[in-house]
Amino acid sequence: MAETAVSSLIDRLLHLLTQEAKLLGGIHGEVADIKDELESIQSFLKDADAKAAAEQDIDEGVKTWVKQVREVAFHIDVAIDQYLLQVALHDPHPSGFRGTLQKTTHLLKTILPRHKIAAKIQEIKASVQKINERSRRYGFQSTAQESCSGARSISWNNDPRKDSLYLDDADVVGIESPIDELISWLVGGSPHRTVVSVVGMGGLGKTTLTKKVYDNQMVKGYFDCHAWISVSQSYKIKDLLRSIIKQFCEGRKELPFSGIDAMDEQLLVNKLRDYLLQKRYVVVFDDVWKIEFWDSIKNSLLDNHIGGRIIITTRNSEVANYCKKSSPIRVYKLQPLPSDKAWELFCKRAFQFDFEGHCPAILEKLSHDIVEKCGGLPLAIVAISGLLTTKEKTMFEWKDLHDSLGFEFGRNPHLSSVNKILSLSFEDLPYNLKSCFLYLGMYPEDYSINCIRLIRQWIAEGFVKEIEGKTLEEVAQEYLIELIQRSLVQVSEFKLDGKVRRCRLHDLLHEIVLQKMKDLSFCHVLLKQESSFEGLTQRMSVNKVSYNVLKGFKDKKIHSLLLFNLDELPKSFMSPFFSDFKFLKVMDFEEAPLDHIPKDVGTLFHLRYLSLRNTKVKKLPQSIGKLQNLETLDLKQTLVSELPIEINKLRKLRHLLAYYHDYGLDFSLASQKGVKIQKGVGCLEELQKLYFVDLNHGGVDLVKDMGKLRQLRKLGVKNLSKETMRALCASIATMNHLQSLDIASISEDEIIDLQSISTPPQCLQRLYIKGHLEKLPDWIPKLQHLVKLGIYWSKLNEDPMKALQNLPNLLELEISRQAYNGEKLHIKIGGFPKLKILNLQFLDALHSLMIDEGALALLEKFVIGRSPQLKQLPCGILHLRNLKELRFIDMHKEFEESLDPELGSHYWIIEHVPIVYLLHKVRTGFYDLEARILRSKHLTGL
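This is a predicted model, so every value here is computed, not measured.

A. A look at the overall build of the chain. A tally of regular secondary structure across the chain gives 30 helices and 30 strands. Looking at the 942 residues of the chain, the share that counts as buried comes to 54%. A separation of at least 24 residues holds for 64% of the contacts in the chain among residues at least 6 apart in sequence. Carbon together with sulfur atoms contributes 49% to the accessible area of the chain, which is approximately 41700 Å² in total.

Now the structure itself:
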């Protein structure tokens, strides 16, 4: 794991040496030498890490050496930060004679601190050279000497997964339905060779499930040849091919080919293909890690068109998808056990010799908590319940295990196997993904993490490598998807377009990550029960801790500080805060009890990410303009209404997010406020997201200035007027990368003329228009990539459905708040082919809604509300067979009565919809509705 820290540091040094060499000044040579030494050490570290992961004996001298490498990497990072900070603090960049004089004065003032740091770096360089010399004494191999498939694996004797090959049916819980489904895939379907993949995280029971299917008598009888191959991370193709042939021959009571052990790979492939010409076969490849595996095996198992089947178990969904290149595939995504089945398995194992397999009442609460901690993971349930069979059945014993479960995973032999199995996925990651994965451990257990927030923090930390033609955010999104595909990160919420909105760590993986973060000095998680911390750490996550405890961390050289569930952050603590944490790159105050930012925030030279979201901060100090490395400034739901002009100095700023939504008010143009920004914003050329800007301040000049922001992906503006409209249209026409646009006028009567946008952004995916339109702009129906569209207060007289219903990728449409003044809406056959959500509200004149059969084929959610003239249920809802949810809000009494399940004249139209809500406004505000669900003759409260 030390290799992760060293590799990240090498990347940083390489960037400094090539991109920012002038900043290093007199220490350039020393830094270059250190980089070279670290690169030499790096290859040996990979070997040390691999031996540790494979449980090979490593003497104490090697462990000490690895620890020294980690520590020296930490000290190098800190020394570089200190040097760059000194350069930044004493380089005011003035010009002319006065500037020369100032520079000379500053140089004289900083010679001593720079000299001290340079001497420190010389000292570190000598330490690195000594460490490099010692690496050769321990007999490590460099990575150049490793085999191409030389990955980390667990020896068979110590592998707990072998038990899953010998389980009795009575010991298996919750896989009856998956077994039946997989059998049907094997013995039915296409005659072509088909790859069936069972995908899921480690310990989920993929091998157990597949073995039960493989051993099923129907499967045994259906196929002529059978082979089970354990692949894992280290394999040789020739050995796998020999094993397949031998198992085929043994199963048919035939002698294997003469000389098989001496055959090369090509001859083995040819022999196997000839052997299978007229035979129906099934081969299981258990525990496949790399997508390249399929390329090495696909030609040996030919498609003889008589129903050959290949089963792959893997943690990585990309392994399954990759096979699609040359074979039909079926993918079974194995899920964690549901709570009832997890409880059944726990009781069956923990009380197999006591209490007739039932949990005693006194232990029930603790037992349920332990099972919940396992998150439906059979391997963990079996291991923990097995450990509990060795303990007394008392509250004290079980509570002791419950409270120390994370610690026990690292040291208890009953549970260490779970740690090893789950850790294999981590060890298999490239080093930059290891850092990204570990970062998730900074969030509390069970925390649903906003993916955009996480990605911006990764970028601020420098974990994300640049790739030509892609933004850092796009690359980071690929990193996240890979972690999900590797079954290391779980998706907790999807966006409508299938992208990931929120993610989380499995509870047990979270425990393992906490231990790895500690071992690597990657992060210290400060919990409520702790009062102090000794040792090195680069990051800190603080959860439910008194601010007084934080005072002890002011000299810890911390890069990232994330705060969760704090009761207070008083001014007396915040005043010296930034001078105490001057090396911060990520400072996340989201939802902290904070109402002001100290004036010296500008001293945080290294700061790249600053979030004040959901705090009571009202004003930013002018020194904010000194944060020359700041990339993200998140002011969502703060009380900041105006940004100082110094913001325009932040040339590296990528995301500027600022607005306040008053949820106590009914939804209106006034319920959401943007911020006032100053002219000169056009110099922020890296800016990708800017919302919401109050155009009532700055006028036409500000809007023209925004036209220089050519990298914008998301733009939101408030208080648009006739005076600023034409300038905004011209600026939007220059934003070729724009994906999201949100425009709100200064009043409901102010006409928005968007027709004059000469070349609308072709990549636009989300569009929200809030204001009076004389007509729907002609360019909107031409937006081929549009996913979401919202139109409010637009007072359209022509039916907008005619223009919009052919949008090929539209998933969500909302027409609301008098957006349409006509009496009829008509959705024709084939209209809105991909739409999933349709929301029609506050349409006072709407009298009739016609939906042709064949329209809205994929609609899942339909909201109709607050349209007093619409007194009859649209009959076309009958044809919406994919509809899952229907909501009616404050509809006419006659309309609601027609929906009564027993007496309603139109209930038959909605009878097929799984859930139907009736909602009524009960108070002022955004969350103003009381919901009732239609169940029977009477309406019952939810």
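Next comes the rest of the account.
B. Main features of the environment of W228. Residue placement: W228 occurs in strand β2 (residues 225-230). Residue classification places W228 among the buried positions, given a relative accessible area of 11%. Setting aside anything within four residues of it in sequence, one finds W228 in contact with L165, T207, T210, K211, Y214, Q247, V284 and D286.

C. Highlighting the layout of surface pockets. As a volume, the second largest pocket reaches approximately 1600 Å³. Taken together, 50 residues make up the lining of the second largest pocket; nearest its centre are H15, I459, G462, V464 and R608. Per-element tally for the lining of the second largest pocket: the top contributor is helix α1 (residues 2-19), with ten residues.

D. Molecular detail of the nonpolar core. If you look at the biggest cluster of nonpolar residues, it comprises 121 residues, and the most contacted ones within it are F589, F862 and I877. By residue number, the principal contributor to this core is helix α27 (residues 722-732), which donates five residues. Sequence-distant contacts of I877, that is, excluding residues within four places in its chain, are made with I851, F862, I864, L883, L886, I909, I910 and H912. Judged by nonpolar contacts, the second largest core, of 100 residues, contains W185, Y332, I384 and L429.

E. Here's a closer look at the pattern of salt bridges. Here the structure, examined in full by the defined rule, presents 38 salt bridges. A salt bridge links R252 to E254; the shortest N-O distance between them is 3.1 Å. Put simply, K290, D428, E482 and R486 are held in one network by salt bridges that share partners.

F. Highlighting helix α21 (residues 472-485). The end-to-end C-alpha distance of α21, which contains 14 residues, comes to 20 Å, matching closely the 20 Å that a straight helix rising 1.5 Å per residue would cover. Listed in full, the buried residues belonging to α21 are L472, E473, V475, A476, Y479, L480, L483, I484 and Q485. In this fold, the buried residues of α21 make contact with α12 (317-322), α19 (431-439), α20 (451-461), β7 (490-494), β8 (500-504) and β15 (655-661). S487, located one to two residues past α21, shows a positive phi value of around 65 degrees.

G. Expanded view of unusual backbone geometry. Residues Y691 and F692 are joined by a peptide bond in cis, for which omega reads -5 degrees. Inspection of the secondary structure puts F692 in strand β17 (residues 689-694). In the Ramachandran plot, D287 falls in the positive-phi region, its phi being about 70 degrees despite a non-glycine side chain. In this fold, D287 is placed in strand β3 (residues 281-288). Judged by relative accessible area, which is 10%, D287 ranks as buried.

H. Representation of the side chain of E750 within the structure. By secondary structure assignment, the location of E750 is in the loop between β19 (740-745) and β20 (766-770). This buried residue, E750, is left without a salt bridge; K722 holds the nearest opposite charge, at 5.6 Å. A distance of 2.9 Å separates a polar side-chain atom of E750 from the backbone nitrogen of K722. Residues contacting E750, with those up to four places away along its chain left out, are L720, S721, K722, S745, G771 and H772.

I. Examining helix α14 (residues 361-374) more closely. In a regular helix each residue adds 1.5 Å, so 14 residues correspond to 20 Å; α14 covers 20 Å between its end C-alpha atoms and thus fits that length. The sharpest bend along α14 comes to roughly 25 degrees, located at S367. Residues of α14 that are buried include every one of L363, L366, S367, I370, V371, K373 and C374, and no others. Tucked into the core, α14 has its buried residues touching α13 (339-350), α15 (378-389), α16 (395-403), α17 (405-411) and α22 (507-520). Remark: G375 follows α14 within two positions and exhibits a positive phi of approximately 60 degrees.

J. Highlighting the sheet that holds strand β1 (residues 194-199). One open sheet holds the five strands; their spatial order is β2-β3-β4-β1-β5, and the pairing between them is parallel. At either margin of the open sheet sits one strand with a lone partner, and together these are β2 and β5 (329-333). The sheet shows a mean angle of 15 degrees between the axes of neighbouring strands, direction not considered. By the bridge criterion, six bridges tie β2 to β3 in an arrangement that is parallel. Within β3, the position partnered with C225 by the bridge is Y281.

K. Molecular detail of the pairing of β20. Buried residues dominate β20, accounting for five of its five residues. Burial of the side chains of β20 extends over both faces: R766, Y768 and K770 are buried on one face and L767 and I769 on the other. Pairing of β19 with β20, which is carried by five bridges, proceeds in the parallel orientation. The partner of S740 across the bridge, within β20, is R766.

L. Summary view of the state of the cysteines. Counted by the stated rule, this structure contains zero disulfides. C347 takes part in no disulfide bond, and the closest cysteine sulfur to it belongs to C359, at a distance of 5.4 Å.

M. Up close: the packing of aromatic side chains. For the coordinates displayed, the defined rule picks out 29 aromatic pairs. Seen in terms of ring centroids, Y235 and F293 are 5.6 Å apart; in terms of plane orientation they differ by 85 degrees. Their pairing is edge-to-face. Of the two residues, Y235 is situated in the loop between β2 and α9 (237-251) and F293 in helix α11 (residues 292-297); the sequence distance between them amounts to 58 residues. Across the pair, F293 and Y235 agree in class, each one buried. Through a chain of ring-to-ring contacts, the aromatic side chains of W343, F346, F351, F355 and W398 assemble into a single cluster.

N. Molecular detail of the environment of L858. Tracing the backbone through its elements, the reader meets L858 in the loop between β25 (848-851) and β26 (861-865). Along the sequence, L858 and K834 sit 24 residues apart, while their C-alpha atoms lie 5.8 Å from each other. With residues up to four places along the chain from it excluded, the contact list for L858 reads P833, K834, L835, K836 and N882.

O. Main features of the pairing of β17. With six of its six residues buried, β17 lies for the most part within the structure. With three bridges joining them, β15 and β17 adopt parallel strand pairing. When the sheet's bridge partners are listed, H655 is paired in β17 with K689.

P. Layout of the environment of L562. Mapped onto the secondary structure, L562 falls in strand β11 (residues 560-564). A residue is classified by how much of its surface remains accessible, and L562, at 0% relative accessible area, is buried. Not counting residues up to four positions away in its chain, the partners in contact with L562 are Y439, M442, Y443, Q457, M540, S541, V542, V586 and D588.

Q. Looking closely at the packing of α14 against α22. The N-to-C vectors of α14 and α22 enclose an angle of 75 degrees; their axes lie 6 Å apart at closest approach. By the angle between their axes, α14 is roughly perpendicular relative to α22. Contact residues: E372, K373 and C374 in α14; D507, L508 and E511 in α22. The residue makeup of the contact of α14 with α22, split by class, is two nonpolar, no polar and four charged.

R. Region of the structure containing the packing of helix α18 (residues 413-427) against α22. Relative to each other, α18 and α22 sit at 70 degrees, their axes nearing to 10 Å. In terms of orientation, α18 lies roughly perpendicular with respect to α22. Between α18 and α22 the crossing geometry is right-handed. Every residue of α22 that contacts α18 at N419, L422, S423, F426 and E427 is listed here: L508, L509, I512 and K516. In terms of residue class, the contact of α18 with α22 is made up of five nonpolar, two polar and two charged.

S. How the structure looks around the side chain of N629. Along the chain, N629 falls in the loop between β13 (609-611) and β14 (632-636). Classification of N629 by relative accessible area gives buried; the value is 11%. Looking at N629, its side chain comes within polar contact range of the main-chain oxygen of F605, at 2.9 Å. When sequence neighbours within four positions are dropped, the list of residues in contact with N629 reads F605, H606, L607, R608 and K652.

What counts as what
Residues numbered from 1 in each chain as written. Predicted model: local features only at pLDDT ≥ 70, side-chain atom pairs only at ≥ 80, totals over all residues. Heavy atoms only, no water. Helix = DSSP H or I, 4+ residues; strand = E, 2+ residues; numbered from the N terminus. Buried < 20%, exposed > 50% of the residue type's maximum accessible area, 1.4 Å probe, protein only. Contact = heavy atoms within 4.5 Å. Areas by Shrake-Rupley, 256 points an atom, 1.4 Å probe, with all protein chains shown as cover. 1 Å grid on protein atoms, 1.4 Å probe; cavity = no way out; pocket = protein on both sides within 12 Å on 5 of 7 lines; lining within 4 Å. Points joined across faces, edges and corners; volume = space filled by probe spheres on them. Core = buried A, V, L, I, M, F, W, Y, C linked by side-chain atoms within 4.5 Å. Salt bridge = Lys/Arg side-chain N within 4 Å of Asp/Glu carboxyl O. Expected span 1.5 Å × (residues − 1). Lys, Arg positive; Asp, Glu negative; His and termini not counted. Polar contact = N/O pair within 3.5 Å; in protein donor to acceptor, adjacent residues only side chain to side chain. Bend = angle between axes of the 7 residues up to and from the residue. Pairing = 2+ DSSP bridges. Axes fitted to C-alpha atoms, helices over the stretch in contact; angles between N-to-C directions. Disulfide = S-S within 2.5 Å. Phe/Tyr/Trp six-rings, centres within 6.5 Å; stacked < 30°, edge-to-face > 60°. Parallel < 35°, antiparallel > 145°, perpendicular 65-115°, else oblique. Nonpolar A, V, L, I, M, F, W, Y, C, P; charged D, E, K, R; others polar. Left-handed = near helix turned anticlockwise from the far one by under 90°.

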